[in-house]
Amino acid sequence: MAANEKALRESIIAHCASVLTAGLDGAPDGDMSARLDDSLLITPSGASYASLRPPMIARMPLASEYGSWKGPMKPSAEWRIHLDIARARPDIGAIVRFRSPYATAMAMTRRDIPAAHSMIALFGGASVRCARYAPAGTTELAGLALEALGEGHAVLLSNYCAIATGATLEAALVRARELERFARLYAIALSAGRPAILSDEEVGRIAERLKSNGADVESRIVPRPKATAKSKAPAKRKRTARKRGSK
């Protein structure tokens, strides 16, 4: 196994573990995938997040026979959703499907989450759409999920669950947490009255401001360089050299 594949498998396991502590109740009933070159690594069917080990992750080619896979365990029952999204959206490198309470409640009402909050722009559109209903694990559901996702990064699946995507696993999980938070806020707003909805144009302006200010999802997860740690080492070496030369 190549080093980059091993690292990505380990990263999937680590992010599955983080889901368990992220407050996304019901998330272990979902699945996760990440793009690897011309393949997709996806969590297996019938295994809990807590029990996962890197070799258990299934590998699915993106371009060859539809549905083919390699590994000791078959991929998640919703592999069609992951595979279809990855094939249609080269910009997406990771996909998380989960069943958090408020996002799932919105899916149960078959209700979109509109731009009642300015930060809806984090999802790449003016709303998070709810896909039309189809039975779980079907080709029809995968097609409807892809249709409702559009060019965005989150979608609800009627009477079922939620999906968040990103260029990386980190970005997908940031959006998953934000989607649950916005679903909760929208549910509260609905109980209080009629939420005011921002225009598509205003959401577009907000998205541009987030990018220019470095506050969009991708910018938030870029690790900061450890300049301080690097600058200390040379100074220490110089002091040691002076000390040795004085003897």
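Model, not experiment: these values are computed from the prediction. (Residues numbered from 1 in each chain as written. Predicted model: local features only at pLDDT ≥ 70, side-chain atom pairs only at ≥ 80, totals over all residues. Heavy atoms only, no water.)

Topic: the nonpolar core
In plain terms, the rule: Definition of nonpolar core: a set of buried residues of the types Ala, Val, Leu, Ile, Met, Phe, Trp, Tyr and Cys, connected through side-chain atoms within 4.5 Å. Think of it in three bands: residues with accessible area under 20% of the maximum for their type are buried, residues over 50% are exposed, and the middle band is partly exposed, with areas taken using a 1.4 Å probe on protein chains only. Only DSSP runs of H or I with at least four residues qualify as helices, and only runs of E with at least two residues qualify as strands; both kinds are numbered from the N terminus onward. Here, two residues are considered to be in contact whenever any of their heavy atoms come within 4.5 Å of each other.
Residues Met-32, Ile-113, Leu-156 and Leu-179 are the most contacted members of the largest nonpolar core, which totals 48 residues. Here the element with the most residues in this core is helix H5 (residues 169-192); it accounts for ten residues. Every residue in contact with Leu-179, bar those within four places of it in the chain, is listed here: Phe-98, Ala-103, Ile-113, Phe-123, Val-128, Ala-154, Leu-156, Ala-162 and Ile-163. Ala-131, Ala-142, Leu-149 and Leu-157 belong to the second largest nonpolar core, which has 17 residues in total.

Considering the pairing of strand S3 (residues 58-61)
What counts, and what does not: Here, any two strands with at least 2 DSSP bridges between them count as paired.
Here S3 shows a buried face lined by Ala-58 and Met-60 and an unburied face lined by Arg-59 and Pro-61. Strand direction decides the pairing type here: strand S2 (residues 39-42) and S3, joined by four bridges, are antiparallel. Each bridged residue has a counterpart across the sheet, and for Ser-39 the counterpart in S3 is Pro-61.

Details of unusual backbone geometry
With a phi angle near 55 degrees, Asp-37 is a residue other than glycine that sits in the positive phi range. Along the chain, the position of Asp-37 falls in the loop between strand S1 (31-36) and S2. At Asn-159, a position not held by glycine, the phi torsion is positive, near 60 degrees. Look at Asn-159 and you get partly exposed, because its relative accessible area is 39%.

Some points on the layout of surface pockets
Quick note on the threshold: Cavities and pockets were defined on a 1 Å grid built from protein atoms only: a cavity is a group of points that admits a 1.4 Å probe but offers it no way out, a pocket is an open group of points flanked by protein on both sides within 12 Å along at least five of seven lines, and a lining residue is one with an atom within 4 Å of any such point. Grid points are joined across faces, edges and corners, and a volume is the space filled by probe spheres set on the points. Three classes are used, and their members are as follows: Ala, Val, Leu, Ile, Met, Phe, Trp, Tyr, Cys and Pro are nonpolar, Asp, Glu, Lys and Arg are charged, and the others, Gly among them, are polar.
By volume, the largest pocket is sized at about 190 Å³. Around the largest pocket sit 13 residues that line it, and Ala-121, Gly-124, Arg-175, Lys-211 and Asp-216 are the ones nearest its centre. The set of elements that each furnish at least two residues to the lining of the largest pocket consists of helix H6 (200-212) and helix H7 (217-220). The greatest single-element share of the lining of the largest pocket, amounting to four residues, is contributed by H6. Taken together, the residues of the lining of the largest pocket break down into six nonpolar, two polar and five charged.

Overview of the environment of Ser-39
The criterion, for reference: As used in this structure description, the phrase polar contact means that two N or O atoms lie within 3.5 Å; if the pair is within protein, one of them must be able to donate a hydrogen and the other to accept it, and residues adjacent in sequence are counted only when both atoms belong to side chains.
With respect to the helices, strands and loops of the structure, Ser-39 is situated in strand S2. It is 5.1 Å that separates the C-alpha atoms of Ser-39 and Leu-62, two residues lying 23 residues apart in sequence. Non-local contacts of Ser-39, meaning those with residues more than four positions away in its chain, are made with Ala-34, Arg-59, Met-60, Pro-61 and Leu-62. At a separation of 3.1 Å, a polar atom in the side chain of Ser-39 contacts the side chain of Arg-59.

Fair warning: the whole summary comes from geometry, so function is off the table for now.
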